[in-house]
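Observations on the model geometry
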Amino acid sequence: MTGPRYTPLIDSLPSTVPFVGPETQERRMGHPFAARLGANENGFGPSPRAIAAMAAAAGEVWKYGDPENHDLRKALAEKHDCDPANIVVGEGIDGLLGYLVRLVIAPGDRVVTSEGAYPTFNFHVAGYGGELHKVPYKGDHEDPDALISLAKQVGPKLIYIANPDNPMASAHPGETILRMVEQVPEGALLVLDEAYVDLAPEGTAPAIPADDPRVIRFRTFSKAHGMAGARVGYAIGAKPLIAAFDKIRNHFGMSRISQAGALASLQDKTWQAYMRRLIAASRDRIGEIAAGNGLVALPSATNFVAIDCGRDGTFARAVLEELTGAGIFVRMPGVAPQDRCIRVSCGPEPEMEAFAAALPGALDRARARLG
């Protein structure tokens, strides 16, 4: 029997399921989670104006979405004081990262990133045969100096950094990122993932001209805008680079419903300010819950908090497993020493209270298991 003839590269990659989603876990358990706090979603939800716009657009869902994303790109260009030609819209940051890697990475090309940083980028690089070179975190932050130093040694095509960072929620001031841009080696492109920057303190977002050819910046409607399921992301970059996306992107990848919702959300400044307050309060609540159980919540510039469980990754994983068994969905970093933490998304008060109720027992059971 014949089957598809995979490329040698695909044949060489391991079979894997990178993320086991909460729905999969719920099906295995036979019941829903009491608190969905593991995917860095915004449980407070989208703007009512965005919901109304998406509902109105549903009646015209028989039409393809505008392949140019014209209205949304125009509004984003106004927000970022640039030309629409500096903006590409796509199926979340994940989809756009995949397009970028496809554009520039051939088998054997080098890429620099941090050990334990956002893994989806790595999956894209591996999928196109790129060669990953990694530096460790420094004090629970990605290390810009180490990334640039390694880049000067290995000559990568891409250098990835997230600011704020996932999974630790840490952030560098914008001035630090600007200094990093100034040191990008010739022939390299800095991939600046700013998925969480709308929730970060003032000054976290660097003032980078859209046409700077040394950097491409990625933003999303999944976090601050509460629209993770709509899959709307965008990138800001030099016009020749942005134009190159048109050679390979799925021109009908964005639905009319997603485009309408993102545009309405972008225009609802009041909801954006309200969301920042809700998330800030939830971060504080997570910190209180952690402290009440003798744990330390690390400073967060995002809509999630990394909680240091005080021991090693084995213990933190046991805590995570016990929380899962108690109906609380959380995740954790995958690389030591960051894996001493669990990662808890901000959310509505009922979910915070469910987490608060489950954590003491989860810690007790994890300690009993491991001694």
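So, how was this worked out
- Residues numbered from 1 in each chain as written.
- Predicted model: local features only at pLDDT ≥ 70, side-chain atom pairs only at ≥ 80, totals over all residues.
- Heavy atoms only, no water.
- Helix = DSSP H or I, 4+ residues; strand = E, 2+ residues; numbered from the N terminus.
- Buried < 20%, exposed > 50% of the residue type's maximum accessible area, 1.4 Å probe, protein only.
- Polar contact = N/O pair within 3.5 Å; in protein donor to acceptor, adjacent residues only side chain to side chain.
- Contact = heavy atoms within 4.5 Å.
- Salt bridge = Lys/Arg side-chain N within 4 Å of Asp/Glu carboxyl O.
- Pairing = 2+ DSSP bridges.
- Axes fitted to C-alpha atoms, helices over the stretch in contact; angles between N-to-C directions.
- Parallel < 35°, antiparallel > 145°, perpendicular 65-115°, else oblique.
- Left-handed = near helix turned anticlockwise from the far one by under 90°.
- Phe/Tyr/Trp six-rings, centres within 6.5 Å; stacked < 30°, edge-to-face > 60°.
- Lys NZ or Arg CZ within 6 Å of the ring centre and 35° of its normal.
- Expected span 1.5 Å × (residues − 1).
- Right-handed = clockwise from strand over helix to strand, strands pointing away.

Examining the side chain of N166
Note that N166 resides in the loop between β5 (158-162) and α8 (174-182). Among the residues examined, N166 registers a relative accessible area of 9% and is labelled buried. There is a polar contact of 3.0 Å between the side chain of N166 and the side chain of R343. If we skip the residues at most four places from it in the chain, N166 touches N40, A117, Y118, Y137, Y196, F304 and R343.

Describing the pattern of salt bridges
Per the stated rule, a full pass over the model turns up 24 salt bridges. Notably, a salt bridge pairs R367 with D364, separated by 3.8 Å at the nearest N-O pair. With R367 and D364 both in helix α13 (residues 349-370) and three residues apart, this pair spans about one turn of that helix. Owing to a relative accessible area of 47%, D364 belongs among the partly exposed residues under this scheme. Here the residues in one salt-bridge network are E194, D198, R217 and R219, joined through shared partners.

Concerning the sheet that holds strand β7 (residues 215-220)
Two orientations exist for strands paired in a sheet by backbone hydrogen bonds: parallel and antiparallel. A sheet is described by the order of its strands in space; here seven strands give the open sequence β2-β8-β7-β6-β5-β3-β4, paired in mixed fashion. Across the chains shown, the open sheet's two edge strands, defined by having one partner strand only, are β2 (87-90) and β4 (131-135). Neighbour-to-neighbour, the strand axes of this sheet turn through a mean angle of 20°, independent of strand direction. With two bridges joining them, strand β3 (residues 110-114) and β5 adopt parallel strand pairing.

So, the environment of G90
Structurally, the position occupied by G90 is in strand β2. Placed 87 residues apart in sequence, G90 and I177 show a C-alpha to C-alpha distance of 24 Å. Excluding its chain neighbours within four sequence positions, the residues that come into contact with G90 are L96, R231, V232, G233 and M254.

Points about the packing of helix α12 (residues 313-325) against α13
The interhelical angle for the contact between α12 and α13, taken along N-to-C directions, is 130°, at an axis separation of 8 Å. Viewed along their axes, α12 and α13 adopt a mutual orientation that is oblique. α13 is crossed by α12, and the crossing has right-handed handedness. Seen from α12, the contacting residues are T314, F315, A318, V319, E321, E322 and L323; seen from α13, they are F355, A358, L359, A362, L363, R365, A366, R367, R369 and L370.

Comments concerning the sheet that holds strand β9 (residues 296-297)
Overall, antiparallel pairing links the three strands, which are arranged β9-β10-β12 in an open sheet. With partners counted over all chains shown, the strands left at the sheet margins are β9 and β12 (341-345), one partner each. One ladder, built from two bridges, connects β9 with strand β10 (residues 304-308); its direction is antiparallel. The residue of β10 that forms the bridge with A297 is I307.

Considerations on the packing of aromatic side chains
Following the criterion strictly, the structure yields seven aromatic pairs and no others. An angle of 20° between the planes, with centres 4.7 Å apart, marks the rings of F121 and Y160 as stacked. Here Y160 lies in strand β5 and F121 lies in helix α6 (residues 119-127), a separation of 39 residues in the sequence. Taking NZ or CZ as reference, R311 lies 4.4 Å from the ring centre of F315, over its face. Its end group placed over the ring of F304, R343 keeps NZ or CZ at 5.6 Å from the ring centre.

Examining helix α10 (residues 256-267)
Because each turn of an α-helix spans 3.6 residues, side chains separated by three or four positions end up pointing in the same direction. Between its terminal C-alpha atoms α10 stretches 17 Å, which fits the 16 Å expected from twelve residues at 1.5 Å a residue. Residues of α10 that are buried include every one of S258, Q259, G261, A262, L263, A264, S265 and L266, and no others. Packing partners of the buried residues in α10 comprise α3 (48-58), α4 (70-80) and α11 (269-292).

Section: the pairing of β4
Summarising the sheet, β3 and β4 pair through five bridges and their orientation is parallel. Counterpart to R110 in the pairing with β4 is E131. As for the winding sense of the linkage, the β-α-β connection from β3 through α6 to β4 is right-handed.

So, unusual backbone geometry
The omega torsion of the bond from N163 to P164 falls at -5°, within 30 degrees of zero and hence cis. The topology assignment puts P164 in the loop between β5 and α8. For the bond from A336 to P337, the omega torsion is 0°, close enough to zero to count as cis. Along the chain, P337 falls in the loop between β11 (328-329) and β12. Phi angles above zero are rare outside glycine, and A169 is one such case at about 70°. Summarising the element assignment, A169 is placed in the loop between β5 and α8. Unlike most non-glycine residues, R231 shows phi in positive territory, near 55°. Secondary-structure assignment places R231 in the loop between β7 and β8 (233-236). The class of R231 is partly exposed, set by a relative accessible area of 31%.

With respect to α6
Within the sequence span of α6, burial applies to T120, F121, N122 and V125. Close packing links the buried residues of α6 with α5 (92-104), β3, β4 and β5. Just downstream of α6 lies G129, where phi reads positive at about 85°.

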